Amino acid sequence: MDKEKAIKLNIYKLNQKIKNFDDFVFPSKSPPYTIDSEKLSGNFQYKLFVQRDKISKPQWADLLGSILKKDVINRFSSFVLIIKKIKTGNNYFFAMTGGHTAYGLIHKFIEEEFGLNIAEKAIDPRKIKNISQTTFTGSDKQILRAVKAYNPAYDIENQRRILKSLEGKAINPDLVGFSLSGADSLAVKKPITLDELDGYFDVLLDLYTSQTVAIKLQKTFHVVKNKELISNLQNKLVENFISLISSDGQEDTESFFVGYKDYFDFLRCQKFVISIGSRKRQDIDDDLEISAIVNFVKEFNLTIDYELLKHITILGLGENAEEIIPEISLLYFLYSEVVYDQKTYFLIDNRWYELDVSYKKFIDSSVSEFQVKSDELPPYKPSIHTSEGDYNTWVPTQNKDIICLDRNLTTYKVEICDLYSDRTRTFYHVKRAWGAKLSHLFAQGLVSAQLFAMDSEYRKECNTKESRIDARFQQSKFRVAFAIVNEKASDTKFPENMTYFSKVNLLDTTSRIRSFGFSVELVAVKIEA
């Protein structure tokens, strides 16, 4: 092999399920994976499994089938190299893979975030190429390229995001590799021979066990990996959901809300379908909330347990019934905050996270600095307002500076705001809700503010719909106000009495809206008989 030619290594660390080579059992494949060679002695042992000459039809052959002179097929091979590395008396198992189907053979056995663990220690902070993150609300965010002098340690936005992967150049390319990216797997480009793999895994294990981190991103949320703890959290989730089902106070839901990885995908959906087996509800129009899940469970008198929540599915359809959000488990939509053993945990995108104690203190301190306007909008009166829409229509009759724009969607399928004040240039987003359900309120305000600041065509459309909205955007001249209709919002402890889900969401949303040039405030709307 040419020593100077770099090859790409795909490396996984196997978890505690693997104690020896016999614990690794391949699912059946056609053609099968067979042992090609093995070495079962010394400090570096391995078994090489190879699948040869798998045949597939390329997708483009369907398009060109009528004009192809001969059938076209692809042949490819895959491998899985299971490695046992003995170091300081301990056994470590790894897998190296290559080929289209190899990952599917080992995904149940991999240790989560192994590659990320290495990447944080081996990548030069000045040479980061890519940082992939998920926001606390589940929306994917990505820094595609690190600009000159970017230092993630001083980017406060990173505190409110969950790190998924890192990619960049290594601090020591001769030792680690020219470039590497890490998530669950570690992908490395490095010139190496088979004989050098033993020493290379010594390098990886030294990094793996090291406490020194090169890229200092504050870990504000920690992935929960302990199986017993996950089981306890799942039981607590079910217990809370049963309480939700039996409660009439769905308006004040604190522990649950429906979240979306991509809020724009949600906006494109005109209808949602909830189903389990042959039982389904297909009449949910464009506003899927936790109440729809509750009603589905009640309608079919379903017995709640974790398996049920896992097997209920959600499908999102567009205006022509096209599939926007594919049919997947409710657990990828069900976001929840759980307090267990005096610690705070979150279910986000079907994964459990623990809130870091130091970050918890930071959140409380930051939220306490918010100024709350308590008399800016008139009281909400349930005796005459049967819905938020009724209230929003009524407010302009009490204040002629305010215009109702509720449900007045733009061609972007975005609601400009619920109420707009001509005098103060304020976009009011109004929600009668509490707890995690406020996520939709914050998402609405963020999407509208971002479009208004960045898209001149959107501003023109806003001006067309309401001439008193200036189509010229001037930073610091416009204001976003989140108006919350709830007794707890009128409490003197507001917003410190919010759930942590809502607190972090508020901080994240507010920071991003302010970065566009708006001022942001909270408005507490009183409830009167």
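Below you will find a few notes about this structure. (Residues numbered from 1 in each chain as written. Predicted model: local features only at pLDDT ≥ 70, side-chain atom pairs only at ≥ 80, totals over all residues. Heavy atoms only, no water.)

**Considerations on a positive patch on the surface**
Among the surface-exposed residues, K8, K127, K169 and K189 lie close enough to one another that they form a single positively charged patch. Topologically, K169 is positioned in strand β8 (residues 161-170). In this structure K169 comes out as partly exposed when scored by relative accessible area, which is 44%. (Patch = residues over 30% accessible without salt bridge, like charges linked within 9 Å, V, L, I, M, F, W, Y side chains within 5 Å. Areas by Shrake-Rupley, 256 points an atom, 1.4 Å probe, with all protein chains shown as cover. Salt bridge = Lys/Arg side-chain N within 4 Å of Asp/Glu carboxyl O. Lys, Arg positive; Asp, Glu negative; His and termini not counted. Charge placed at Lys NZ, Arg CZ, Asp CG, Glu CD. Helix = DSSP H or I, 4+ residues; strand = E, 2+ residues; numbered from the N terminus. Buried < 20%, exposed > 50% of the residue type's maximum accessible area, 1.4 Å probe, protein only.)

**Some details on the pairing of strand β14 (residues 279-285)**
Sheet faces and side chains relate simply in a regular strand, where the side chains alternate between the two faces. As paired strands, strand β13 (residues 271-276) and β14 are joined by 5 bridges and run antiparallel to one another. Within the sheet, the bridge partner assigned to I274 lies in β14 and is R281. In this structure, the hairpin formed by β13 and β14 is closed by a connection of 2 residues, where G277 is found at a positive phi of approximately 65°. (Pairing = 2+ DSSP bridges.)

**Brief notes about the pattern of salt bridges**
A full pass over the atoms with the stated rule returns 25 salt bridges. Between E112 and R351 there is a salt bridge, with the nearest N and O atoms lying 3.3 Å from each other. Linking E112 in the loop between α2 (102-106) and α3 (114-122) with R351 in strand β19 (residues 351-355), this pair joins segments that are 239 residues apart in sequence. With relative accessibility at 25%, the residue R351 sits in the partly exposed group.

**A word on the sheet that holds strand β22 (residues 419-421)**
If you walk across this open sheet you meet the 6 strands as β20-β25-β24-β23-β22-β21, and the pairing is mixed. Each having just a single partner strand, β20 (372-373) and β21 (402-404) make up the two edges of the open sheet. Packing against the sheet, helix α10 (residues 388-398) makes contact with β21, β22, β23 (426-431) and β25 (519-525), and its axis sits at approximately 145° to β21. Sitting on the sheet, helix α13 (residues 500-515) touches β24 (479-485) and β25, and the angle it makes with β25 is about 135°. (Contact = heavy atoms within 4.5 Å. Axes fitted to C-alpha atoms, helices over the stretch in contact; angles between N-to-C directions.)

**Notes on the packing of aromatic side chains**
Taken as a whole, this structure holds 29 aromatic pairs when the rule is applied. Centre to centre, the rings of Y391 and W394 are 6.0 Å apart; their planes meet at 40°, and the pair counts as tilted. Within this pair, Y391 and its partner W394 are both found in helix α10, separated by 3 residues, close to a single helical turn. Assessed through its relative accessible area of 0%, Y391 is described here as buried. Relative to F478, the ring of F473 lies with its centre 5.8 Å away and its plane at 25°, an arrangement referred to as stacked. Exposure remark for F478: the relative accessible area of 1% places this residue in the buried category. (Phe/Tyr/Trp six-rings, centres within 6.5 Å; stacked < 30°, edge-to-face > 60°.)

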